[in-house]
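# Results of the structural survey
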Amino acid sequence: MSAGYPCAPGPIGLFDSGYGGLTILNQVRQLMPQYDYLYLGDNARTPYGTRSFEVVYEFTLQAVEKLFEMGCHLVILACNTASAKALRSIQQNDIPRLDATRRVLGIIRPTAECIGAITHTRHVGVLATPGTIRSGSYPAEIHKLFPDIMVQGEACPLWVPLVENYEFDSPGADYFVQKHIGNLLRKDPDIDTIILGCTHYPLLLNKILKYTPRKIKLVPQGDYVAYSLRAYLERHERIEAMCTKQGTCRFLTTEAPDKFNDSAAMFLRKKVIAERVALD
């Protein structure tokens, strides 16, 4: 049963509570530039990482409904916290009620799927926000696919603020990056693979590489999510046919557009022009 959303084909929607999802968008567009994309950042209410499951679910559902209203038949939650705390409820409870022909996907499952082929010791670490770590989503998804893999997480509460305050390449970032990588490896010295379980963390990659032993493989999410999305569209021809292909990209924010434009330029390394929307 449709909730009155547009029936015509539309762009692929991507949602994040802030700016980190732009790193996912960037990789997706590089791999599949032919599609149209609509990015929505709930920047006025970020961060989501410290919020309850109930609030994250409420905010994420509002964003999904907005993207459906704007013509998206496929929405990617390009946010680990939203994927961890809201995706399953939206897929199971809300999509059948809103419009069973539309789809909402997350970014934790595609990341988990690649791990089995990367780790040799079968010991994997996850660096993420406190909310993502508390959710247990990464161990749960990895164990569904690879029951033999040991997963250890480390919450990094200050990494996102470092990025969003333009301190990701400053000397002050070194202390916090070194601290949390050290904490993780002390919990499990056999880790040979570390998932960067937050979309902001690619901007900290130089610092992370500096303090991570060379024998450890780092797994940023963008590439894996992009390839997973392409494979999904190849398998689901009906959904693919509802995605328009003019190579365009629009940006929406719940914050002041000028502020979004400045921060988005840092993530995408090019100028963007956003429009403001309200979520309720």
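Details of the structure are given in the entry above.
Read on for an overview of the structure. (Residues numbered from 1 in each chain as written. Predicted model: local features only at pLDDT ≥ 70, side-chain atom pairs only at ≥ 80, totals over all residues. Heavy atoms only, no water.)

### Some words on the overall build of the chain
Helix and strand content of the chain: 13 helices and 10 strands. Taking 19 Å as the expected radius of gyration for a compact globule of 280 residues, we find that the chain reaches 18 Å, a close match to that expectation. When the backbone C-alpha atoms are referred to their principal axes, the chain occupies close to 55 × 40 × 35 Å. Taken over 280 residues, the chain has a buried fraction of 55%. Sequence separation of at least 24 residues holds for 80% of the intrachain contacts in the chain that already meet a minimum separation of 6. Roughly 12200 Å² of accessible area belongs to the chain as shown, and the carbon and sulfur atoms make up 53% of that amount. Distance between charge centroids for the chain: 3 Å, based on 31 positive and 29 negative side chains. (Helix = DSSP H or I, 4+ residues; strand = E, 2+ residues; numbered from the N terminus. Rg over C-alpha atoms; globule rule 2.2 N^0.38 Å. Buried < 20%, exposed > 50% of the residue type's maximum accessible area, 1.4 Å probe, protein only. Contact = heavy atoms within 4.5 Å. Areas by Shrake-Rupley, 256 points an atom, 1.4 Å probe, with all protein chains shown as cover. Lys, Arg positive; Asp, Glu negative; His and termini not counted. Charge placed at Lys NZ, Arg CZ, Asp CG, Glu CD.)

### Re the packing of helix α5 (residues 108–115) against helix α11 (residues 222–235)
The geometry of α5 relative to α11 is characterised by a closest axis approach of 9 Å and an angle of 100 degrees between their N-to-C directions. When the interaxial angle is binned, α5 and α11 end up roughly perpendicular. Of α11, the residues touching α5 (which contributes Pro110, Thr111, Glu113 and Cys114) are Tyr224, Val225 and Ser228. For the contact of α5 with α11, the class distribution of residues is 4 nonpolar, 2 polar and 1 charged. (Axes fitted to C-alpha atoms, helices over the stretch in contact; angles between N-to-C directions. Parallel < 35°, antiparallel > 145°, perpendicular 65-115°, else oblique. Nonpolar A, V, L, I, M, F, W, Y, C, P; charged D, E, K, R; others polar.)

### A short note on unusual backbone geometry
Trans is the common state for peptide bonds, and a negative phi is the common state for residues other than glycine. Here Thr46 and Pro47 are connected by a cis peptide whose omega angle stands at 5 degrees. Here Pro47 lies in the loop between β2 (37–41) and α2 (53–69). Even without being a glycine, Tyr166 presents a positive backbone phi close to 60 degrees. Residue placement: Tyr166 occurs in the loop between α8 (159–164) and α9 (171–187). By relative accessible area, which is 44% here, Tyr166 ends up partly exposed.

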